[in-house]
Amino acid sequence: MTITINHFIRGAEAAGNGTDTKAVYNPATGAVTAQLRLANRDDLDATVAIAKKAAESWGDVSLAKRTAILFKFRELVASHVDELAELITSEHGKVLSDAKGELGRGLEVIEFACGIPTLLKGDYSDQASTGIDVFSFREPIGVVAGITPFNFPVMVPLWMAPMAIATGNAFILKPSHRVPSAAMLLAKLWKEAGLPDGVFQVLHGDREVVSGLLTHPDVDGISFVGSTPVAKHILEVATAHGKRVQALGGAKNHAIVLPDADLDNAADHLAAAAFGSAGQRCMAISVAVAVGDAADLLVKKVEERALDVRVKNGTEPDADMGPVISPESREFIVKTITEAERAGAAMVVDGRDLVVPGHEEGFWVGPTVIDHVKTEMTAYQEEIFGPVLVVVRVDTLEDGIKLINANPYGNGTAIFTSSGAAARKFQRSVDVGMIGINVPLPVPVAYYSFGGWKASLFGDKHIYGPEGVSFYTRGKVITSRWPEAHHTSGASYNFPST
Ligand code: NAD
């Protein structure tokens, strides 16, 4: 029997007035597991009005009280890791250990947000001019909407909500329709932690709801994570409606492997970063740039690892990799592999025909390695978002850097080498926001901020960390004079100077 998934409005589950629904699938079985209610315009207006009211009082709540709630929320998320991971795996398909990994990274952001009293400390300049002190503090922006992708059902909402809420805003989450259940559990945990009703709400919906959030006069900020065309659209529409926006987009992450690298280590990391989560990570390595003599041996070693990946239902304890998210995604991945093969690339490992016994209706693609890929091929140009590693061969480190900088995306990149000089040249030369040195998935820890360059980020603020605090607040600077006794030397009509 399928269940119906509601919204979470004013501290409780709510059916809303919208009558449309969307099916939610288990990608490992292909079965419909739930029907998701989609909000209509009335639901949106009601939710935003509740958020606006909640923001007014929440922004006034003391830092001590906010912090106490954040600590409690952190404990609740930590004690529900198994339950949250099961919800993630059942709707996304990633293996349970990977789902727990994303929860770990989400918890880090909550922990960072627990330090909000320190993060919101302003500056103070005593006696900036004679008898005049200058000081600053930051205030919440009001109502923030978070629009999130399918591939991290908990981590990406937790990149946003703890930071927005700690800084005194009300937050409306519009999760991906493919993975709605974990967001609902997060909402219940916020409530249990003591967060006042209306400060965190979940509204499910499609483009109509997103469009309503982007244009609503009472929404003050938009945090978006998803694909590049949608990120660009979000930035354009929401800024035209006076909102501040951070919109993180897609990626095509390259890893350069130099001949002096430990090739076993590089191959282990490349395989994990290309096939983990079935390649559906914005920081997945999807292009291996093999330099000079490294190529033949590297490809051989990656091939061995790709053939060893255990592709199974993510609930199986020994599964390394689960399915992809949808039949449409599977079709696109298979089509792109076929195009590369027809265009003359060399198939090293071919995952197109993978069948997982007992799960014939699931959305499967096996690990795939394609060598001798050229930059004009779709497999190089498009974000495939599947378990596909393409290998581009170049002669020198400089050629590799040129390749990376010519690519429109700039989310993450990595280099494998034993040369400090090569690594340093790489880190200083690439036009990419997050760089790994012998680290394949350089997702910054929570006290740094996460964000790419070029077509991987629209807007100028990275997400979470110090830039998250800045995004969700705006500053005030106060210049103050407290004369000891009534005293005036008369009006001066010059511009004031110190
Ligand atoms: P997506 O762009 O299809 O959807 C993201 C969100 O936008 C969802 O909530 C969806 O409902 C909404 N949406 C989709 N199309 C829309 C439209 N036309 N108008 C308004 N709203 C729309 O992304 P996805 O397929 O869910 O997620 C995968 C993508 O997200 C990949 O491109 C991946 O690289 C990217 N991603 C990027 C990062 C990052 O940090 N840069 C992190 C995770 C995922």
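Residues numbered from 1 in each chain as written. Predicted model: local features only at pLDDT ≥ 70, side-chain atom pairs only at ≥ 80, totals over all residues.

The number of helices and strands found in the chain is 16 helices and 23 strands. In terms of overall dimensions, the chain is globule-like: its C-alpha atoms have a radius of gyration of 25 Å, near the 23 Å expected for 498 residues. Burial statistics for the chain: of 498 residues in total, 53% are counted as buried. Intrachain contacts of the chain at a sequence separation of at least 6 include 72% that bridge at least 24 residues. (Helix = DSSP H or I, 4+ residues; strand = E, 2+ residues; numbered from the N terminus. Rg over C-alpha atoms; globule rule 2.2 N^0.38 Å. Buried ≥ 20, exposed ≤ 12 C-beta atoms within 10 Å, placed from the backbone. Contact = placed C-beta atoms within 7 Å.)

This part is about the sheet that holds strand 6 (residues 124–129). What the three strands build is an open sheet, ordered 6-7-23; its pairing is antiparallel. Edge positions in the sheet fall to strand 6 and strand 23 (473–481), since each has one partner strand and no second. Recorded for the sheet is a direction-independent mean angle of 30 degrees between the axes of neighbouring strands. Sheet topology note: the strand 6/strand 7 (residues 132–140) ladder contains three bridges and is antiparallel. From the neighbouring strand, Tyr124 faces strand 7, where its bridge partner is Phe135. (Pairing = 2+ DSSP bridges. Axes fitted to C-alpha atoms, helices over the stretch in contact; angles between N-to-C directions.)

Let's shift gears to the site of the ligand. Close to the ligand lie 26 residues; Pro149, Gly226, Ser227, Gly250 and Cys282 are nearest. Taken together, the residues of the shell around the ligand sort by class into twelve nonpolar, eleven polar and three charged. (Near = placed C-beta within 6 Å. Nonpolar A, V, L, I, M, F, W, Y, C, P; charged D, E, K, R; others polar.)

Attention now moves to the domain arrangement of the chain. As far as domains go, the chain holds domain 1 (3–249 + 456–478) and domain 2 (253–437). With 16 residues of domain 1 in contact, the opposing surface of domain 2 contributes 24 residues. Contributing elements (two or more residues each) for the side of domain 1 that touches domain 2: helix 3 (81–92) and helix 4 (96–113). Classifying every residue of the side of domain 1 that touches domain 2 by side-chain character gives six nonpolar, seven polar and three charged. (Domains from an automatic or database assignment.)

Okay, the UniProt feature "domain: Aldehyde dehydrogenase" (unreviewed entry) in the chain next. Taking the numbering used here, the UniProt-annotated feature "domain: Aldehyde dehydrogenase" (unreviewed entry) corresponds to residues 20–477. Within residues 20–477, the helical portion is 41% and the strand portion 21%, while the C-alpha atoms at the span's ends are 48 Å from each other. (UniProt positions renumbered as here; feature names shortened; annotations may be inferred.)

Sheet strands associate in pairs through backbone hydrogen bonding, adopting either a parallel or an antiparallel arrangement. Spatial ordering of the open sheet is given by 15-16-17-14-13-19-20, a layout of seven strands whose pairing is mixed. Each of the sheet's edge strands pairs with one partner strand only, and the pair in question is strand 15 (346–349) and strand 20 (434–437). The average angle at which neighbouring strand axes cross in this sheet is 20 degrees, direction not considered. Here three bridges tie strand 16 (residues 368–371) to strand 17 (residues 388–394), and the two strands are oriented parallel to one another. Bridge pairing in strand 17 links Val369 to Leu389.

This brings us to the pairing of strand 19 (residues 412–416). For strand 19, the tally of buried residues reaches five of five residues, placing the bulk of the element in the interior. Side chains Gly412, Ala414 and Phe416 project from strand 19 onto one buried face, and the interleaved Thr413 and Ile415 project onto a second face that is buried too. By the bridge criterion, four bridges tie strand 19 to strand 20 in an arrangement that is parallel. Bridge pairing links Ile415 to Ile437 in strand 20. Crossover handedness for the path strand 19 to helix 15 (residues 420–429) to strand 20: right-handed. (Right-handed = clockwise from strand over helix to strand, strands pointing away.)

With that out of the way, let us pick up the confidence of the model for the chain. Mean pLDDT over the chain: 97, with 99% of residues reaching 70 or higher. Model confidence for the complex: the whole-complex pTM is 0.97, and ipTM, which rates the interface, is 0.98. (pLDDT = per-residue confidence, 0-100.)

A separate point is the environment of Pro27. Relative to the helices and strands, Pro27 resides in the loop between strand 4 (21–26) and strand 5 (31–37). The exposure class of Pro27 is buried, given the 30 C-beta atoms found within 10 Å.

The phi angle of most residues is negative, glycine excepted, and most peptide bonds adopt the trans form. Located in the positive-phi region is Ser277, a residue other than glycine, with phi close to 55 degrees. Locating Ser277 in the fold gives a position in the loop between helix 10 (263–275) and strand 14 (285–291). The exposure class assigned to Ser277 is buried, which follows from the 25 C-beta atoms found within 10 Å. Phi angles above zero are rare outside glycine, and Asn438 is one such case at about 55 degrees. One can find Asn438 in the loop between strand 20 and strand 21 (453–454).

With that settled, consider the pairing of strand 12 (residues 244–248). With four of five residues buried, strand 12 is to be regarded as a mostly interior element. Following the backbone out of strand 11 (residues 221–225), through helix 9 (residues 228–240) and into the adjacent parallel strand 12, one traces a crossover that is right-handed. Note: strand 12 against strand 22 (residues 457–458), two bridges, orientation antiparallel. Residue pairing for strand 22: Leu248 is matched across the bridge by Leu457.

Turning our eyes to something else, we now look at helix 1 (residues 41–58). Across its 18 residues, helix 1 extends 25 Å between first and last C-alpha, which sits within 8% of the 26 Å expected from 1.5 Å per residue. Within helix 1 the residues assigned to the buried category are Asp43, Leu44, Thr47, Val48, Ile50, Ala51, Ala54, Ala55 and Trp58. Projection of helix 1 onto a plane perpendicular to its axis shows the buried side chains occupying an angular sector of 165 degrees, all on one side. Structural note: helix 1 exposes Asp42 and Ser57 on the side pointing more than 90 degrees away from its buried face. Of the surrounding secondary structure, the elements contacted by the buried residues of helix 1 are strand 2 (7–9), strand 7, strand 8 (143–147), strand 9 (170–174), strand 10 (200–202) and helix 8 (207–215). (Expected span 1.5 Å × (residues − 1). Arc of directions from axis to C-beta.)

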